[in-house]
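Listed here are the chains, written in short residue letters.
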Amino acid sequence: MSSTAVRTRGRFRGGAGLGLVAWLAGIVFFLPIAWMALTSFHSETDAATNPPSFTAALTLDGYREFFGADGGASPWPALINSAVASIVSTLFVLVLALPAAYALSIRPVRKWTDVLFFFLSTKMLPVVAGLLPIYLFAKNAGMLDNIWLLVILYTSMNLPIAVWMMQSFLAEVPVAIIEAARVDGAKLPTILARVVAPIALPGIAATSLICFIFSWNELLFARVLTGVVAETAPVFLTGFITSQGLFLAKVCAASLVISLPVLAAGFAAQDKLVQGLSLGAVK
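About the thresholds
Residues numbered from 1 in each chain as written. Predicted model: local features only at pLDDT ≥ 70, side-chain atom pairs only at ≥ 80, totals over all residues. Heavy atoms only, no water. Helix = DSSP H or I, 4+ residues; strand = E, 2+ residues; numbered from the N terminus. Buried < 20%, exposed > 50% of the residue type's maximum accessible area, 1.4 Å probe, protein only. Areas by Shrake-Rupley, 256 points an atom, 1.4 Å probe, with all protein chains shown as cover. Salt bridge = Lys/Arg side-chain N within 4 Å of Asp/Glu carboxyl O. Core = buried A, V, L, I, M, F, W, Y, C linked by side-chain atoms within 4.5 Å. Contact = heavy atoms within 4.5 Å. Expected span 1.5 Å × (residues − 1). Bend = angle between axes of the 7 residues up to and from the residue. Phe/Tyr/Trp six-rings, centres within 6.5 Å; stacked < 30°, edge-to-face > 60°. 1 Å grid on protein atoms, 1.4 Å probe; cavity = no way out; pocket = protein on both sides within 12 Å on 5 of 7 lines; lining within 4 Å. Points joined across faces, edges and corners; volume = space filled by probe spheres on them. Nonpolar A, V, L, I, M, F, W, Y, C, P; charged D, E, K, R; others polar.

Caption draft 1: Structural context of the overall build of the chain. Within the chain, the secondary structure is distributed over 14 helices and zero strands. Reading the chain from its N end, one meets helices and strands in the order α-α-α-α-α-α-α-α-α-α-α-α-α-α. A total of 283 residues make up the chain; the buried ones form 34% of that total. For the chain, the accessible surface area stands at approximately 16,500 Å², while carbon and sulfur atoms represent 71% of it.

Caption draft 2: The pattern of salt bridges, seen in detail. Counting across every chain of the model gives two salt bridges. Between Arg64 and Asp61 there is a salt bridge, with its nearest N and O atoms 2.8 Å apart. You can see Arg64 and its partner Asp61 sitting in helix H3 (residues 61-66), three residues apart, about one turn around the helix. Overall, Arg64 belongs to the partly exposed group, its relative accessible area being 42%. Between Glu65 and Lys250 there is a salt bridge, with the nearest N and O atoms lying 3.4 Å from each other. Of the two residues, Glu65 is situated in helix H3 and Lys250 in helix H13 (residues 248-268); the sequence distance between them amounts to 185 residues. Among the residues examined, Glu65 registers a relative accessible area of 28% and is labelled partly exposed.

Caption draft 3: Broad picture of the nonpolar core. If you look at the biggest cluster of nonpolar residues, it comprises 27 residues, and the most contacted ones within it are Leu98, Tyr102, Met166, Leu170, Ile178, Val196 and Ile204. Elements with a minimum of two residues in this core: helix H4 (76-105), helix H7 (147-170), helix H8 (175-183), helix H9 (188-199) and helix H10 (201-217). If near-sequence neighbours (up to four positions away) are discounted, Met166 is found in contact with Leu94, Ala97, Leu98, Ala101, Ile204 and Thr207. Membership of the second largest hydrophobic core comes to 17 residues, among which are Ala78, Val257, Ile258 and Val262.

Caption draft 4: A look at H13. The terminal C-alpha atoms of H13 lie 30 Å apart, and with 21 residues this matches the ideal 30 Å at 1.5 Å per residue to within 8%. The largest bend in H13 is about 35°, located at Leu260, with the proline Pro261 one to four residues further on.

Caption draft 5: Representation of the packing of aromatic side chains. Under the counting rule described, the total for this entry stands at seven aromatic pairs. With a centroid separation of 5.9 Å and an interplanar angle of 75°, the aromatic rings of Phe66 and Phe236 are classed as edge-to-face. Remark: Phe236 occurs in helix H12 (residues 233-238) and Phe66 occurs in helix H3; sequence separation between them is 170 residues. Each member of the pair, Phe66 as well as Phe236, is classed as buried.

Caption draft 6: Representation of H4 within the structure. With 30 residues, H4 extends 42 Å from end C-alpha to end C-alpha; this agrees with the ideal 44 Å at 1.5 Å per step. At Ala97, H4 is bent by approximately 25°, the largest bend along its length, and proline Pro99 sits one to four residues beyond.

Caption draft 7: Representation of the layout of surface pockets. For the largest pocket, the calculated volume is near 320 Å³. Surrounding the largest pocket, Thr122, Lys123, Leu125, Pro126, Val127, Gly130, Ile134, Leu153, Ser156, Met157, Pro160 and Phe221 form its lining. Per-element tally for the lining of the largest pocket: the top contributor is H7, with four residues. Taken together, the residues that form the lining of the largest pocket break down as eight nonpolar, three polar and one charged.

Pasting the structure below:
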């Protein structure tokens, strides 16, 4: 057997081995989600059995209770609050991060690496360390239980990572195209909207999705700073966990419903997400 055939067979075996590992990793990550979905269709009694029963009867009682069919609280205000806080804060992040990333990549400032490190260093502070000052500020400003307070917080929390990500994406934009647009008389807002943004669209989509996920899943600030009016979906979910009674099926149903917007957004933008996360990885 020739050396070429041996190398080809070795690469085939290596590729098959990596493929098998990838499939196993995917199954391991998918199993908890599949188990949560199955449990959400069981009654509370069947969901609490140990070991769990795979042949238990399926029911929609958990979803009925989540949507308030038995006289409970409706989840729609909390879901709407989460959507407003996540979408609006993500839009604010993009509006602020795009020119900042442009200044740090295409039109670099002095010591731009130090600026990027400063942005990222703001994420090193434990969230709980800033909880009390923010609570006191919100209380004195009369902004407790206000959805716009969450919008401001989520914007400030996601802005550093957005600038960091988009800087690497915008660094791949050809400078010659921007110079040509400038020669034609285009101003900075036009360049950002019509030249830079379309080219860096995969990176912008990836950044948007990550900021949306971070905002949608945030619990600590929403739990402390909101009450009834601005309650978000994760806070609403924690209300199903009690010290007495069975709640596993209802919690699984609520978790699945609350996870659907994130899963749908990730599925819809999966091609842009892969392109964006790989953009700038190979120089």
